[in-house]
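Close look at the chain arrangement
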Amino acid sequence: MHPVPRHLHPGAWWLWAVGLATAASRTTNPVLLLLIAAVAGYMVAARRTNSPSSRAYVVFLRLGLVVIAIRVVLAGLFGAALPGHTLLTLPQVALPDWAPGVRIGGPITLESVAAAGYQGLRLAVMLCCIGAANALASPARLLRCVPGALYEVGVAVVVAMTFAPQVIATVSRVRAARRLRGRPNRGLRGIRGVAMPVLEGALERSLEVAASMDSRGYGRSGGLPQSTRWLTAAATLAGLLGVAAGSYGLLDSGTPGLLGLPAVALGVLLATAGLALGSRRTARTRYRPDRWLPPELLVVACGMAIAATFIAIGGTAALQPSVSPLQAPGLPLLASAGLLAALLPSWLSPSVPGLQR
Amino acid sequence: MTVVGVSAVRLHPRSAAALALSGAVGLLAFCWPLLVRHDSAVAHSTDAPWLFVLLLILILGVVLAEIAEGGMDAKAIALLGVLAAIGAALRPLGAGAAGLEPVWFLFVLSGRVLGRGFGFALGALTLFASALLTAGVGPWLPFQMFAAAWVGFGAGCLPGRVRGRWEVVVLAAYGAAASLLYGLLLDLSFWPFTVSGTGAPSTLAFVPGAPLADNVGRFVAFHLTTSLGFDVPRAVFTALLVTLTARPVLLTLRRAARRAAFDSPAEFAPVERQLSISLD
């Protein structure tokens, strides 16, 4: 399959990555988790773009390592040790009565380190999946998919993203100008002397941007009939109310069951409907919009497939290897087959344009 | 005597109601580990934190759409974009160093001058733009956006009568308090991810459904050990930055707000006859 090189819809990559992360959330088997991270990494290597955001995977990978370290250290220092092979014993600190159950120091066993390490690894691999989504889907394209109801906000973010590099350029220009005049660039006075002209210039620029946006019709919304506006408001507010009441019902077991998940689902539905209705007020066409074509759907299907596989076989000993007593984790066949399915997009999706491989 | 500030983004009763409801959902999304009962549906599932992440994304979208609807003109959009850009450019400067978060003073001062609606939108959008620029979109982003938005909103709610030197003191105190609270809430949002599933309960970890006092004690211990070392320097740094920059930055923002003339709507009036005579 050799389709024309093009960028995939960013939503497709995000859904694929979320499916992979869902799979990771269902297991603490380190072998499977490392395989999931490898799948995400392979996809990034195969389909990343030239933009700077494509380095996100490595950044998230490092963050994941930090998470594992934090989990292990916290479990070692503050956790009650699982019975088993003692690695070392730290001096224990006695704490006052107002901190019941808090324990510092004491023995550290291989079993508790393994338990903390497995759980840290699970979180780290989920972070890897999200990092892969960051690397695969370009943020500028993601921004083009915001619904019409968020049009004004989306324009503001586009302005911000275009302007942020210019702010940094302005800073170096102001510094150069100050150097030429023999003014200090260091110290409190220097920072202030640089920062204020940058801020003044930026605010000046914003009025120019606003004027040019006004004259080109940006930030304007088309008139909607009053009835539609009322309907939007009613759907949105009822949806928010539903979500608020439902999420409270979820936490408190005393409330009737109908107030829990059903109320949340109804609220989410109504709020989404409100967003969709509100999107009508911006009647705009997009230049070359990203479309949902068969490759996008296939990529999403692969992501959903692995999530479904892991959910279906979740809870088994193969996915949750025992740590006390410590046993070597196995490699379940079905889960590995699901992982191969998640790898399919590297052949099914079109390659990225403008890259020499 | 100059004006304290303007409302660059007007809040209608509709958007105010949406804000209030979203605040309630947001509070639940942050505080659910403390409130959850032992026998409730979400207490024993590892998916609960992710459910609240998704809910918060939806809520943020809905609220920002409500605020934008009829309340945001091109000037507000441009000003939002430019200030968010400055924030996004400032944010990486603090990464790495403990507690150096140089964007907070921007939210506080802009919220003060440009109003609560603007402060809300600025807080959310700055963190969103910064995450997009640094490719740092993750499950923490909705929580950060939500908390930062309310920091900006709160700055717009400070009493308007306080002026001069006291204004700087109030803003600095608010900045310090807000950044401490922000640290506490963000820590609370991360805490459920430390839940110990198969292992023995760590004395700092979240135990789903444990009594409120018990979990609060655990959380306080967790917060003290993991992040207070970041939060206190950040609060001090924010207060210091606000004190140092408040005067000139407030002046500049007020001048920009006056030039943008948010409160005077543009009107189209027929051209007067005298003009056409004088042109003959």
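Summary of the structure given here. Note that this is a predicted model, so its numbers are computed, not measured.

Helix and strand counts for chain A come out as 12 helices and two strands. Listing each helix as α and each strand as β along chain A from the N terminus yields α-α-α-β-β-α-α-α-α-α-α-α-α-α. Taking all 357 residues of chain A together, the buried fraction comes to 48%. In chain A, of all internal contacts separated by at least 6 residues, the share reaching a separation of at least 24 is 77%. Put simply, chain A shows about 17800 Å² of open surface, and 67% of that area lies on carbon and sulfur atoms.

Per the secondary structure count, chain B includes 10 helices and zero strands. Reading chain B from its N end, one meets helices and strands in the order α-α-α-α-α-α-α-α-α-α. The proportion of buried residues among the 280 residues of chain B is 60%. In the structure as shown, chain B presents an accessible area of about 11400 Å², 68% of it carried by carbon and sulfur atoms.

Accessible area lost during the coming together of the parts is what is often quoted as the interface size. Facing the 77 residues of chain A at the interface are 79 residues of chain B. Summed over both partners, the interface of chain A with chain B buries about 6800 Å², with 77% contributed by carbon and sulfur atoms. Ranking the residues of chain A by area buried against chain B places L203, L240 and L251 of chain A at the top, with a combined share of 10%. Across the contact surface, chain A and chain B share three salt bridges. The closest approach of N and O atoms between R255 of chain B and E200 of chain A, which form a salt bridge, is 3.1 Å. Our count for the chain A to chain B interface comes out at four residue pairs in polar contact (both at pLDDT 80 or more). For the side of chain A that touches chain B, the element with the most residues is helix α7 (residues 187–216) of chain A, which contributes 14 residues. Its residues assigned to classes, the side of chain A that touches chain B shows 53 nonpolar, 12 polar and 12 charged.

With that settled, consider helix α4 (residues 110–136) of chain A. The end-to-end C-alpha distance of α4 of chain A is 38 Å, a good match for the 39 Å that 27 residues give at a rise of 1.5 Å each. Of all 27 residues in α4 of chain A, 25 are buried; the element is thus mostly enclosed.

Moving on, we get to the pairing of strand β1 (residues 86–93) of chain A. Residue and element names in this part refer to chain A. Among the eight residues that make up β1, zero are buried, leaving the element largely open to the surroundings. As paired strands, β1 and strand β2 (residues 104–109) are joined by five bridges and run antiparallel to one another. Across the sheet, T89 pairs through a bridge with P107, a residue of β2.

Moving on, we get to the packing of helix α7 (residues 164–190) of chain B against helix α9 (residues 228–260) of chain B. Angle between the axes and distance between the axes: these two values describe a pair of packed helices. Residue and element names in this part refer to chain B. α9 packs onto α7 with a crossing angle of 140 degrees between their chain directions and a minimal axis gap of 8 Å. The angle between α7 and α9 places the two elements in the oblique class. With respect to the hand of their crossing, α7 and α9 are arranged in right-handed fashion. Of the residues assigned to the contact of α7 with α9, the class counts are 13 nonpolar, six polar and six charged.

This next bit is on helix α4 (residues 104–114) of chain B. All names here are of chain B. Counted residue by residue, α4 has 11 buried out of 11 residues, so it is predominantly covered. Of the positions making up α4, those classed as buried are W104, F105, L106, F107, V108, L109, S110, G111, R112, V113 and L114. Positive backbone phi, at 100 degrees, marks G115, one or two positions downstream of α4.

Let us now look at the packing of aromatic side chains. Scanning all chains against the criterion turns up 12 aromatic pairs over all chains. Aromatic pair W13 of chain A and W16 of chain A: ring centres 5.8 Å apart, planes at 80 degrees, arrangement edge-to-face. Pair noted here: W13 of chain A and W16 of chain A are both in helix α1 (residues 10–25), with a separation of three residues, about one helical turn. By relative accessible area, which is 3% here, W13 of chain A ends up buried. Since its relative accessible area comes to 0%, W16 of chain A is described here as buried. Connected via pairs of aromatic rings, a cluster forms that spans F30, F120, F143, F146, W150 and F153 of chain B.

Let us now look at the pattern of salt bridges. Summed over the entire model, instances satisfying the criterion amount to 11 salt bridges over all chains. One salt bridge in this structure joins R112 of chain B and E167 of chain B, with 2.8 Å as the shortest N-O distance. Of this pair, R112 of chain B sits in helix α4 while E167 of chain B sits in helix α7, placing them 55 residues apart in sequence. E167 of chain B shares its class with R112 of chain B; the two are buried. Close ionic contact of R163 of chain B with E167 of chain B constitutes a salt bridge, the shortest N to O distance being 3.8 Å. Residue R163 of chain B is classed as partly exposed on the basis of its relative accessible area of 22%. Connected through salt bridges with shared partners, the residues R229 of chain A together with R14, E66 and E69 of chain B form a single ionic network.

What follows is about a nonpolar patch on the surface. Among the surface-exposed residues, L35, L212, V216, V220 and L224 of chain B lie close enough to one another that they form a single nonpolar patch of about 390 Å² accessible area. Looking at which element gives the most residues to the nonpolar patch, the answer is helix α8 (residues 212–226) of chain B, with four residues.

What follows concerns the environment of A16 of chain B. Inspection of the secondary structure puts A16 of chain B in helix α1 (residues 13–35). Placed 51 residues apart in sequence, A16 of chain B and I67 of chain B show a C-alpha to C-alpha distance of 8.3 Å.

Looking now at the packing of α1 of chain A against α4 of chain A. All names here are of chain A. Axis separation between α1 and α4 bottoms out at 9 Å; the angle between their running directions is 175 degrees. Comparing their axes, α4 and α1 come out roughly antiparallel. Contacts between α1 and α4 involve W13, W14, W16, A17, L20, A21, A24 and S25 on the former and, on the latter, R122, V125, M126, C129, I130, A133, N134 and L136. For the contact of α1 with α4, a count of residues per class yields 13 nonpolar, two polar and one charged.

One finds W16 of chain A together with L83 and L114 of chain B to be the most contacted residues of the largest nonpolar core, which totals 182 residues. Taken domain by domain, the makeup of this core includes at least three residues from each of domain 1 (10–144 + 291–348) and domain 2 (226–281) of chain A. Among residues more than four places away in sequence, those in contact with W16 of chain A are V39, A40, M43, L136, V299, C302, G303, A342 and P345 of chain A. Residues A114, A115, Y118 and V323 of chain A belong to the second largest nonpolar core, which totals five residues.

What follows is about the environment of S15 of chain B. Residue and element names in this part refer to chain B. The topology assignment puts S15 in helix α1. Along the chain, S15 and L64 lie 49 residues apart, while their C-alpha atoms are 8.8 Å from each other. A polar atom in the side chain of S15 sits 2.9 Å from the backbone nitrogen of H12.

Criteria and thresholds
- Residues numbered from 1 in each chain as written.
- Chains lettered and ligands numbered in written order.
- Predicted model: local features only at pLDDT ≥ 70, side-chain atom pairs only at ≥ 80, totals over all residues.
- Heavy atoms only, no water.
- Helix = DSSP H or I, 4+ residues; strand = E, 2+ residues; numbered from the N terminus.
- Buried < 20%, exposed > 50% of the residue type's maximum accessible area, 1.4 Å probe, protein only.
- Contact = heavy atoms within 4.5 Å.
- Areas by Shrake-Rupley, 256 points an atom, 1.4 Å probe, with all protein chains shown as cover.
- Buried area = accessible area lost by both parts, 1.4 Å probe.
- Salt bridge = Lys/Arg side-chain N within 4 Å of Asp/Glu carboxyl O.
- Polar contact = N/O pair within 3.5 Å; in protein donor to acceptor, adjacent residues only side chain to side chain.
- Nonpolar A, V, L, I, M, F, W, Y, C, P; charged D, E, K, R; others polar.
- Expected span 1.5 Å × (residues − 1).
- Pairing = 2+ DSSP bridges.
- Axes fitted to C-alpha atoms, helices over the stretch in contact; angles between N-to-C directions.
- Parallel < 35°, antiparallel > 145°, perpendicular 65-115°, else oblique.
- Left-handed = near helix turned anticlockwise from the far one by under 90°.
- Phe/Tyr/Trp six-rings, centres within 6.5 Å; stacked < 30°, edge-to-face > 60°.
- Patch = residues over 30% accessible without salt bridge, like charges linked within 9 Å, V, L, I, M, F, W, Y side chains within 5 Å.
- Core = buried A, V, L, I, M, F, W, Y, C linked by side-chain atoms within 4.5 Å.
- Domains from an automatic or database assignment.

These values are about where atoms sit, not about what they do.
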